[in-house]
Amino acid sequence: CDWSSDVCSSDLTSGSKPATITFAPGQKTVEFQVSMLDDTAVEPVERLTVSLAANSAYDISGSDGSSWVTLYDNDLPKVRVEAIDAVASEGGRDFGTFLISRTGPLDAPLKVNYNQFGTALHGSDYAALTGEVTIAAGQRSAVVMIQPIDNDAGEPTEYVSLILPDFSDQYDVD
């Protein structure tokens, strides 16, 4: 067999790539298993192609000489949140900024949910937030802006924090 693939050799268990497959007399098919390592690396969809090598002992007919298996990773991307501008103020254009970032493949958008809490009141001390942000395909991160509302109330310093709840089947929280 000729093995070609976008699967890294480190993805296969040792001994799971047979170099030779033997057909018994009269046998038309042979099944074999290729075992993948269950690692923690977040990887894109991969394709493993197996092609029959030319040999004078047999004839390879057309496209029947190769086939492939599509492999899907069972590891989810990891997301995290951090305050990249932790100071905001009323009456100006000084917004607070949280960065939501991800690991793993960038080929698709990733919607991340968040909850906010703190002494600042959602919708009255700062502009209402949606509770979700989408990290666009091709991007590693997206921002959530905290826009203070100038409410003329004499208030002490307040704070708002974001937390990423751990209930998604699309990602894990780092």
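Residues numbered from 1 in each chain as written. Predicted model: local features only at pLDDT ≥ 70, side-chain atom pairs only at ≥ 80, totals over all residues. Heavy atoms only, no water.

Q: Could you clarify how one ought to interpret the overall build of the protein chain in this entry?
A: When its secondary structure is counted, the protein chain shows zero helices and eleven strands. N-terminal to C-terminal, the α/β element order of the protein chain is β-β-β-β-β-β-β-β-β-β-β. When the 174 residues of the protein chain are sorted by exposure, 26% land in the buried category. For the protein chain, contacts bridging at least 24 residues in sequence account for 61% of all contacts bridging at least 6. When the accessible surface of the protein chain is split by element, carbon and sulfur atoms take 51% of a total near 11,300 Å². (Helix = DSSP H or I, 4+ residues; strand = E, 2+ residues; numbered from the N terminus. Buried < 20%, exposed > 50% of the residue type's maximum accessible area, 1.4 Å probe, protein only. Contact = heavy atoms within 4.5 Å. Areas by Shrake-Rupley, 256 points an atom, 1.4 Å probe, with all protein chains shown as cover.)

Q: Any chance you could explain the environment of asparagine 113 here in plain terms?
A: Relative to the assigned elements, asparagine 113 resides in strand S6 (residues 110-113). The sequence separation of asparagine 113 and glutamate 132 amounts to 19 residues, and the corresponding C-alpha distance is 4.2 Å. Leave out the neighbours within four places in its chain, and asparagine 113 touches Gly131, Glu132, Leu164, Pro165, Phe167 and Tyr171.

Q: Would you take a moment to explain the pairing of strand S2 (residues 46-51) for this structure?
A: Each regular strand carries side chains that alternate between the two faces of the sheet. For S2, the tally of buried residues reaches five of six residues, placing the bulk of the element in the interior. Inspection of the sheet shows S2 paired to strand S3 (residues 66-71) by six bridges, in the antiparallel sense. Paired with serine 51 across the two strands is serine 66, which belongs to S3. (Pairing = 2+ DSSP bridges.)

Q: Just checking my understanding: could you explain the pattern of salt bridges for this structure?
A: Oppositely charged side chains may form a pair once their charged atoms are brought near each other. The tally for this structure, following the rule as stated, stands at one salt bridge. Across the pair glutamate 132 and lysine 111 runs a salt bridge, and its minimum N-O distance is 3.6 Å. Here glutamate 132 is found in strand S8 (residues 132-135), whereas its partner lysine 111 is found in strand S6, with 21 residues between them in sequence. The exposure class of glutamate 132 is partly exposed, given its relative accessible area of 35%. Of the residues examined, lysine 111 reaches a relative accessible area of 44% and is grouped as partly exposed. (Salt bridge = Lys/Arg side-chain N within 4 Å of Asp/Glu carboxyl O.)

Q: Teacher, can you tell me more about the nonpolar core here?
A: Across soluble globular proteins, nonpolar side chains have a tendency to be buried as a group. The biggest cluster of nonpolar side chains holds 18 residues, and the ones touching the most others in it are Ile100, Val112, Tyr114, Leu129, Val133 and Val144. When contributions to this core are tallied by element, the ones reaching two or more residues are strand S5 (96-102), S6, S8 and strand S9 (141-146). Broken down by element, this core gets its largest block of residues, three residues, from S9. Among all residues touching tyrosine 114, those that are not within four sequence positions of it are Leu129, Thr130, Gly131, Glu132, Val133, Val144, Leu162, Ile163, Leu164 and Pro165. (Core = buried A, V, L, I, M, F, W, Y, C linked by side-chain atoms within 4.5 Å.)

Q: I would appreciate a short explanation of the sheet that holds S9 in the present structure.
A: Backbone-to-backbone hydrogen bonds join strands into a sheet, with any given pair of strands oriented parallel or antiparallel. In spatial order, the strands read S9-S5-S4-S11; together these four strands make up an open sheet with mixed pairing. A single partner strand is all that each edge strand has here, and the edge strands are S9 and strand S11 (172-173).

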